[in-house]
Every structure is written in C-alpha cells, then in structure tokens.
Amino acid sequence: MSVPPPADDADVPRFWRELGLPGLVDVHVHFLPPRVQAKVWSYFEAAHTHYGTEWPVQYPLPEDERLAVLGRLGVRAFPTLPYPHKAGMAAWLNDWSHDFAAAHPQVLSSATFFPEPEAPHYVAEALDRGVRVFKVHVQVGAFDPRDALLEPVWARLEETGTPVVIHCGSGPLRGEHTGPAPMSGLLERHPRLQLVIAHLGMPEYREFLDLAERHERVHLDTTMFATAFTERLMPFDPADRPRLAALRDKVLLGSDFPSIPYPYAEQLAALAGLDLGDDWLRSVLWHNGARLFGVAA
C-alpha cells in the first residue's frame, strides 16, 4: 500500500518518514541577496501582467524564517541557485552564495555564469572554492547556451562533472533561446555534461525526456511539475508517465521554494499522485539527490 501524500506542510515529515527516508534533498531552492530577492518577488507580484495568471508567493519571509521552514519540512540539503540577467552580475552573486553556504552547512555551495569574457575565470574560482552546483537560466539571461564565450566553461564543467541546474524549457515564457534545440546542440559538443533540466523542461516535456534517455548524465528536476497550478497552464501527457517511471534514477526533487504559488506539500503530493510507486518516490525525494551531491543520511 502506498504511503499517503502529505496533507499540508506540517504533515511533510510524516510523509518522508513513512517512506523510510532521512529527509529530503531539494535541488531547486533559491536564496538570493536581499535586494535581488526583493526584485524577484516584485516581478511575481505583477505575474498577471507577465504570465497572464496570478502568482502569490507562498513564502515571502525573512531569510532566517525561510531557513526555519525548510528545517521543519526536513529538507536536509539544498542549493541557493543564483542567476544573473545581465553581464557583470555573476561574480558577485557567486561571492554572496559562497559566503551564505559557508554559514549554513545544509546549503550546497552554488554559483552561476553568463556569456562574458570573465566567465572562465570566475567559474574556475568557484570550482576552486568547492562549489557543488551551478545554475543557468536561459530564459532570464536571454542567451544561447552555445555562445562561444561559454565554450571553455562547458568544457571545464564536463571535465569536472559538476552538476548544472539549467532552466532551458520554454515555460512559463518562451525565449529566443529556450527549448530543446539549443540543449541538443550543446550536448552534441559536450555529451558528458552533468545537467539537471529544471521544471522537467516544461512545456517541452517529451523532448527533454528524450534528452534524459539519450544522455547518461542528463537529469530532470520536478520543480512545479504535476501541481494543479502547472497542469492548468502546461499539462503533462499521462501517456509519458511510463517513461518518467523508467527514468527513476535520473529524476530529482525540485520545488522553487520560496517563490512557489502554493504550499511546499503540494509539490510532494503531486509527485505521489503520479502513482509511480513508493520506490520511485524514495529515489526522487532522497536517493538521487543524495548520490549526486554526496549527502550523507
């Protein structure tokens, strides 16, 4: 008999405990410098203008309170996933993220990059400082991931095997360089990149399932996937559930905390509602992320 999904955030620890897990590894959490975080939340306040739908941020809390929420939920490890929208931002975002991770042992040290001449230098510096995951946002950054300025960066990351969480699907807004084609081209050049496709590549789910099936190191994260909010806007074809089940070892829990428009428990309940089995949930909620990032039980 399957473990019942969590009814609310207070019920989340019961859910993972009944699955026999020590907690959760969430690969898609954002902590940003206060001024940047405020601008992100301001953008979501105007979501109806941007996206045509309301997006009430669920956890617009001070930093320490957000950390406490994740602690109560049982999220044992998570990144900060900074991302620049223009040149000249990445290096100082990396510095802030490094200091934040150093102060909080549950945080996976995170960094980012942008197509600019300085990128190989500050990416190398981040790697030397022990960064464990990079974040790239193709839509917000409005750049082609195949940009020649990033060629040495991708080569180095392919060599090190450092995971890169990359928002490259065309949801919630299509960009000039979003979609599967740029990623297919990038993987032709660097087939051993350790990529984590954010949001399961929504709405191009099927094409990004293809990439995960073809490339050994391409993973998918569940950020906002299968929730009622997303299904209304970018539905997933139930016919592809068997493919998702077969990719059990390559799917990672992601949430987009704190800027999700519903309680955290809804993401977990949505995944349970796929009816792919408790073993699939155990892999997604803990084992895959713990293996990728070396998180001890």
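Structure shown above.
Reading guide: rules and limits
Residues numbered from 1 in each chain as written. Predicted model: local features only at pLDDT ≥ 70, side-chain atom pairs only at ≥ 80, totals over all residues. Heavy atoms only, no water. Core = buried A, V, L, I, M, F, W, Y, C linked by side-chain atoms within 4.5 Å. Buried < 20%, exposed > 50% of the residue type's maximum accessible area, 1.4 Å probe, protein only. Helix = DSSP H or I, 4+ residues; strand = E, 2+ residues; numbered from the N terminus. Contact = heavy atoms within 4.5 Å. Salt bridge = Lys/Arg side-chain N within 4 Å of Asp/Glu carboxyl O. Pairing = 2+ DSSP bridges. Arc of directions from axis to C-beta.

A. How the structure looks around the nonpolar core. Counting 105 residues, the largest nonpolar core has Phe 113, Phe 134, Trp 154, Leu 157, Phe 225 and Leu 285 as the members making the most contacts within it. Ranked by residues supplied to this core, first place goes to helix α14 (residues 278–293) with eight residues. Beyond its immediate sequence surroundings of up to four residues, Phe 113 is in contact with Pro 84, Ala 90, Tyr 122, Val 123, Phe 134, Lys 135, Val 136, Phe 143, Leu 150, Val 153, Trp 154 and Leu 157.

B. Quick look at the pattern of salt bridges. One pass over the full model with this rule turns up 14 salt bridges. Residues Arg 206 and Asp 240 are paired through a salt bridge, measuring 2.9 Å at the closest nitrogen-oxygen approach. Residue Arg 206 is found in helix α10 (residues 205–214), and its partner Asp 240 is found in the loop between α11 (228–233) and α12 (241–246); the two are separated by 34 residues along the sequence. The partly exposed category is assigned to Arg 206, whose relative accessible area is 39%.

C. Structural view of the sheet that holds strand β2 (residues 75–79). The three strands lie next to each other as β1-β2-β3, forming an open sheet whose pairing is parallel. Of all the strands in the sheet, the pair left with one neighbour each is β1 (24–25) and β3 (107–108). The pairing of β2 with β3 spans two bridges and is classified as parallel. Each residue of the ladder has a partner; that of Pro 79, found in β3, is Leu 108.

D. Looking closely at the pairing of strand β6 (residues 164–167). Covered by surrounding structure in β6 are Val 164 and Ile 166 together with Val 165 and His 167, the residues of both alternating faces. The sheet contact formed by strand β5 (residues 133–137) and β6 spans four bridges and is parallel. Within β6, the position partnered with Phe 134 by the bridge is Val 164. Sheet topology places β6 next to strand β7 (residues 195–197); three bridges connect them, and they run parallel. Opposite Val 165, over in β7, you have Val 196 as the bridge partner.

E. Region of interest: helix α8 (residues 151–160). For α8, the full list of buried residues reads Val 153, Trp 154, Leu 157 and Glu 158. End-on, the buried residues of α8 take up no more than an arc of 130°, which puts them together on one face. Those residues of α8 that are buried are in contact with α6 (119–128), β5, β6, α9 (180–189) and β7. Note on α8: the residue one or two positions beyond its end, Gly 161, has a positive phi of about 75°.

F. Broad picture of the pairing of strand β8 (residues 218–221). What you see with β8 is no split at all: Val 218 and Leu 220 on one side and His 219 and Asp 221 on the other are buried throughout. Taken together, the three bridges between β7 and β8 define a ladder with parallel strand orientation. Bridge pairing links Val 196 to His 219 in β8. For β8 and strand β9 (residues 251–252), the ladder comprises two bridges, and the chain directions are parallel. Bridge pairing in β9 places Leu 220 opposite Val 251.

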